[in-house]
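# Chain and residue survey
These are the residues of each chain, in order.
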Amino acid sequence: MAKKVETIGVLTSGGDAPGMNAAIRAVVRKALSQGLKVKGISQGYKGLLNEEIEDLHPWSVSDIISKGGTILYTARCAEFRTEEGQDRGAEICRKHGIDGLVVIGGDGSFNGAKQLAARGINTIGVPGTIDLDIACTDYTIGFDTAVNTAMEAIDKVRDTSTSHERCSIIEVMGRNAGYIALWCGIANGAEDILLPERYDYDEQKLINNIINNRKRGKKHHIIINAEGIGHSTSMARRIEAATGVETRATILGHLQRGGSPTCRDRVYASMMGAYAADLLAEGKSNRVVGFKNGEYVDFDIAEALDMQKEIPDYMVRVSKAMSS
Ligand code: ADP
Ligand code: F6P
């Protein structure tokens, strides 16, 4: 039977993502509008274990929808991976009267949420990561802002790269996921895209591609490299030595995680945050919010974590056709 909740907590966990503030705001205001009390937990599970918990009011989330980062701060917490840490986390929730919790983060954070749900805290996950690598949802909060930030930066690198007739290797975020790399590869018209999911470590293919393109008169050569492959600087040195084409590496890094969220991120974050508050108000637990086939939906956390997400093959083939 659904358990009625009175006070919910909200936290952000793992890597931050633009739009997390919009999600926090939506959770707070939607829950308050349904008569629930809301507490903010700072610094993810680390802050939970340190009892960094305070009441949130409608005005606590004023003026944050346009801000990047997360007003609740975020952290990674090794202790929460242990059963002792998870038991203590659930006890601390109970001590503070928190009987429902919204966890905004990625798959790792959802694993923690699953553990709290198993310990009697009604817990709902909201997908927040720039990487787009959560299988149960077509959209993750932060991706749109990050990919637009990266695209604009790559356009700028491309200007100078073309002027100097260089090859540029531009490294974008994504330790295990190539979505930012693939989207930028298409949006920026890259000659080569290196995805962690598909990389075959055949550098000679890149070298041949650069040499052939030069012969055909191409003035630039943009390679988008995902962080998960990395080694952009040493790759640039090897490519320059092998091709004779001046080659530079640019690592975009954390600038991709900051900045004011796009309209799309603000709206999806608002909808998903509100949806999570509604699930808690209905007494639901152990669910992850997603956006699938044009609809906001929710899944059992364990089932969501078992789902697999593949880099879309057709997008990869189109990207190759565009650069040939
Ligand atoms: P993300 O949520 O973006 O995937 P991480 O993988 O870094 O980020 O996870 C964020 C935090 O979630 C970790 O620091 C840890 O506290 C918690 N967490 C991750 N995996 C687990 C797990 N298997 N069990 C419990 N908590 C976990
Ligand atoms: O949030 C996801 C992500 O940006 C990944 O793409 C990246 O690998 C990771 O976080 C880096 O996190 P940090 O530098 O904060 O440890």
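Residues numbered from 1 in each chain as written. Chains lettered and ligands numbered in written order. Predicted model: local features only at pLDDT ≥ 70, side-chain atom pairs only at ≥ 80, totals over all residues. Heavy atoms only, no water.

Named according to an unreviewed UniProt entry, the chain is ATP-dependent 6-phosphofructokinase originating from Candidatus Choladousia intestinavium. Its UniProt record gives the chain a comment under Function (unreviewed entry), which states: "Catalyzes the phosphorylation of D-fructose 6-phosphate to fructose 1,6-bisphosphate by ATP, the first committing step of glycolysis." The Cofactor (unreviewed entry) comment attached to the chain in UniProt states, word for word, "Mg(2+)". (UniProt positions renumbered as here; feature names shortened; annotations may be inferred.)

## Structural notes on the environment of Asp159
Here Asp159 shows up in helix α5 (residues 143–163). Exposure remark for Asp159: the relative accessible area of 53% places this residue in the exposed category. (Helix = DSSP H or I, 4+ residues; strand = E, 2+ residues; numbered from the N terminus. Buried < 20%, exposed > 50% of the residue type's maximum accessible area, 1.4 Å probe, protein only.)

## Details of the site of ligand 1
Around ligand 1, the surrounding shell holds 15 residues, and the nearest of these are Arg76, Cys77, Gly106, Gly108 and Ser109. In the model, an oxygen atom of ligand 1 is placed 2.6 Å from a nitrogen or oxygen of the Cys77 main chain. At 3.3 Å, a side-chain N or O of Arg81 approaches a nitrogen atom of ligand 1. Of all the elements, helix α4 (residues 107–118) adds the most residues to the shell around ligand 1, at 5 residues. (Near = heavy atom within 4 Å. Polar contact = N/O pair within 3.5 Å; in protein donor to acceptor, adjacent residues only side chain to side chain.)

## Some thoughts on the pairing of strand β5 (residues 122–127)
It is a general feature of regular strands that their side chains alternate between the two faces of the sheet. Among the 6 residues that make up β5, 6 are buried, leaving the element largely enclosed by the rest of the structure. Neither face of β5 is exposed, since Asn122, Ile124 and Val126 on one face and Thr123, Gly125 and Pro127 on the opposite face are all buried. Relative to β5, strand β4 (residues 100–105) runs parallel, the two sharing 6 bridges. Following the sheet pairing, Val102 is matched in β5 by Ile124. As judged from the 2 bridges shared by β5 and strand β10 (residues 287–292), these two strands associate in the parallel manner. By the bridge assignment, Ile124 is partnered in β10 with Arg287. (Pairing = 2+ DSSP bridges.)

## Quick word on the sheet that holds strand β9 (residues 247–251)
Read across the open sheet, the 4 strands follow the order β7-β8-β6-β9; overall the sheet is parallel. The sheet is open, and its two edges are formed by β7 (192–194) and β9, each paired on a single side. When the angles between neighbouring strand axes are averaged without regard to direction, this sheet yields 15 degrees. Two elements, β7 and strand β8 (residues 221–226), share 3 bridges in a ladder whose sense is parallel. By the bridge assignment, Leu194 is partnered in β8 with Asn225. Set on the sheet, helix α7 (residues 203–215) makes contact with β6 (167–172), β7 and β8; between it and β8 the angle comes to about 160 degrees. (Axes fitted to C-alpha atoms, helices over the stretch in contact; angles between N-to-C directions. Contact = heavy atoms within 4.5 Å.)

## Quick look at the site of ligand 2
What surrounds ligand 2 is the set Gly15, Arg76, Ile130, Asp131, Met173, Gly174, Arg175, Glu227, His254 and Arg257. Between Arg76 and ligand 2, the recorded distance is 3.1 Å, taken from a side-chain N or O atom to an oxygen atom. At 3.3 Å, a side-chain N or O of Arg175 approaches an oxygen atom of ligand 2. Summarising the interface, the protein chains cover 81% of the accessible area of ligand 2, which totals 400 Å² for the free molecule. For the shell around ligand 2, the residue count by class is 2 nonpolar, 3 polar and 5 charged. (Areas by Shrake-Rupley, 256 points an atom, 1.4 Å probe, with all protein chains shown as cover. Nonpolar A, V, L, I, M, F, W, Y, C, P; charged D, E, K, R; others polar.)

## Examining the sheet that holds strand β2 (residues 37–41)
The 7 strands lie next to each other as β3-β2-β1-β4-β5-β10-β11, forming an open sheet whose pairing is mixed. Both outer strands of the open sheet, β3 (53–56) and β11 (295–300), are each paired with one neighbouring strand and no more. Across this sheet, the average inter-strand angle for adjacent strands is 30 degrees, counted without regard to direction. Looking at chain direction, strand β1 (residues 7–12) and β4 are connected through 5 bridges and run parallel. Bridge pairing links Ile8 to Gly100 in β4.

## Digging into the packing of helix α6 (residues 179–187) against helix α11 (residues 313–323)
Contact pair α6 / α11: the axes reach a minimum separation of 9 Å and the direction vectors enclose 35 degrees. As for the relative orientation of α6 and α11, their crossing is left-handed in sense. Each of Leu182, Trp183 and Ile186 in α6 lies in contact with α11, whose residues at this interface are Met315, Val316 and Ser319. Looking at the contact of α6 with α11, its residues break down into 5 nonpolar, 1 polar and no charged. (Left-handed = near helix turned anticlockwise from the far one by under 90°.)

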